[in-house]
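Breakdown of the fold
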Amino acid sequence: RRVHGAGGLLHLLPDAAENEALAAWSTGINERYAFPYPFLFSAVGFLAILFVEEGAKALQDGPHRKDHESAHSHDADVAAAPSATVALVLLLALSFHSAMEGLGIGASRRPKWGLLLAILSHKGLAGFSLGARFLAADLPNRRFVSLATVFSLMSPFGVCTALAAGTFLY
C-alpha cells in the first residue's frame, strides 16, 4: 500500500499538475492566477478515503471500541477481521475508482490505448482483491456474484456516462 501511495504522490501527481487541461481550467482571466487543482483533488480524495475507512471501523466495532479504546488497540484485529462491512466499503471504493476510470476513457476525444491497457492491467488485480475480501467475509454465493457484477459494470457505466454527457454538452 505504501509503495502505491508513494508512486502516486511522487510520479503521478506532478504529471497531473502539468496537465494542460487542468492548467487551462485553473487559470483565471488574462492568466492572472492558477490554482493547483491536482493537489486539492488528491488531498480531498485522501481525506474521503480516511473518513470512509474510519466510519467502516466504527460500524464494524460498534460500541465495543469506545469502551476499550483506552485499554488497548484493535487496529490489527480490524484489518484482519473477515467482515462484510469491510468488504462492502472496499466494493464502494473500487466501484467509484472504476467509474472514474470509465469517465476518463469515455471523455477522451481520441482512442487512448495506453490508458485502456493500464486500466485493464490492474482491473484484474482489483477484482482479485475484492473477491478475496468477499471470500474472507464468507458472503453467500448469490450476494458474492451480485456484488461482483456491480463492480464489473462500473467501468462501462463510467464510459457511458461520459459519452452521454459529451453528447449532451455538444
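If you're wondering where the values come from, they're calculated on a predicted model, not measured in any experiment. (Residues numbered from 1 in each chain as written. Predicted model: local features only at pLDDT ≥ 70, side-chain atom pairs only at ≥ 80, totals over all residues. Heavy atoms only, no water.)

**Here we look at helix H7 (residues 113–136)**
The end-to-end C-alpha distance of H7 is 35 Å, a good match for the 34 Å that 24 residues give at a rise of 1.5 Å each. Just downstream of H7 lies aspartate 138, where phi reads positive at about 55°. (Helix = DSSP H or I, 4+ residues; strand = E, 2+ residues; numbered from the N terminus. Expected span 1.5 Å × (residues − 1).)

**A closer look at the environment of valine 52**
In this fold, valine 52 is placed in helix H3 (residues 37–61). Put simply, valine 52 and alanine 93 are 41 residues apart on the chain and 8.9 Å apart in space, counted from C-alpha to C-alpha.

**Points about the side chain of glutamate 101**
Among the structural elements, glutamate 101 can be located in helix H6 (residues 84–107). One buried charge, glutamate 101, has no salt-bridge partner; the nearest side chain with opposite charge is lysine 123, at 4.6 Å. A distance of 2.7 Å separates the side chain of glutamate 101 from the side chain of histidine 122, its partner in a polar contact. Excluding its chain neighbours within four sequence positions, the residues that come into contact with glutamate 101 are Ile119, His122, Lys123 and Ser155. (Buried < 20%, exposed > 50% of the residue type's maximum accessible area, 1.4 Å probe, protein only. Lys, Arg positive; Asp, Glu negative; His and termini not counted. Salt bridge = Lys/Arg side-chain N within 4 Å of Asp/Glu carboxyl O. Polar contact = N/O pair within 3.5 Å; in protein donor to acceptor, adjacent residues only side chain to side chain. Contact = heavy atoms within 4.5 Å.)

**Things to note about the packing of H3 against H6**
The contact between H3 and H6 brings their axes to 9 Å, and the two run at 160°. Viewed along their axes, H3 and H6 adopt a mutual orientation that is roughly antiparallel. At the point where H3 passes H6, the crossing takes the right-handed sense. On H6, the residues that touch Val52, Ala56, Leu59 and Gln60 of H3 are Thr85, Val86 and Val89. Among the residues forming the contact of H3 with H6, the class breakdown is five nonpolar, two polar and no charged. (Axes fitted to C-alpha atoms, helices over the stretch in contact; angles between N-to-C directions. Parallel < 35°, antiparallel > 145°, perpendicular 65-115°, else oblique. Left-handed = near helix turned anticlockwise from the far one by under 90°. Nonpolar A, V, L, I, M, F, W, Y, C, P; charged D, E, K, R; others polar.)

**What to know about the packing of H6 against H7**
Where H6 contacts H7, the axes come no closer than 10 Å and their chain directions differ by 170°. Taken together, H6 and H7 sit at an angle that is classed as roughly antiparallel. Taken together, the residues of H7 that come into contact with H6 (itself represented by Val86, Ala87, Leu90, Leu91, Leu94, His97, Ser98, Glu101, Gly104 and Ile105) are Leu115, Leu116, Ile119, His122, Lys123, Ala126, Ser129, Leu130, Arg133 and Phe134. Here the contact of H6 with H7 is built from residues that sort into 12 nonpolar, five polar and three charged.

**Topic: the confidence of the model for the chain**
Confidence in the prediction for the chain averages 76 pLDDT; 72% of positions are at 70 or higher. Here helix H5 (residues 75–80) is the element of the chain with the lowest mean pLDDT, 48, and helix H8 (residues 141–169) is the one with the highest, 86. Taken as a whole, residues 74–81 scores under 50 in pLDDT and shows 11 contacts with residues more than four places along the chain or in a different chain. (pLDDT = per-residue confidence, 0-100.)

**Things to note about the packing of aromatic side chains**
A complete count under the given rule lists one aromatic pair for this structure. Taking 5.5 Å as the distance between ring centres and 75° as the angle between the ring planes, the aromatic pair formed by phenylalanine 134 and phenylalanine 144 counts as edge-to-face. Here phenylalanine 134, found in helix H7, pairs with phenylalanine 144, found in helix H8; they are 10 residues apart in sequence, far enough to count as distant. Of the residues examined, phenylalanine 134 reaches a relative accessible area of 1% and is grouped as buried. (Phe/Tyr/Trp six-rings, centres within 6.5 Å; stacked < 30°, edge-to-face > 60°.)

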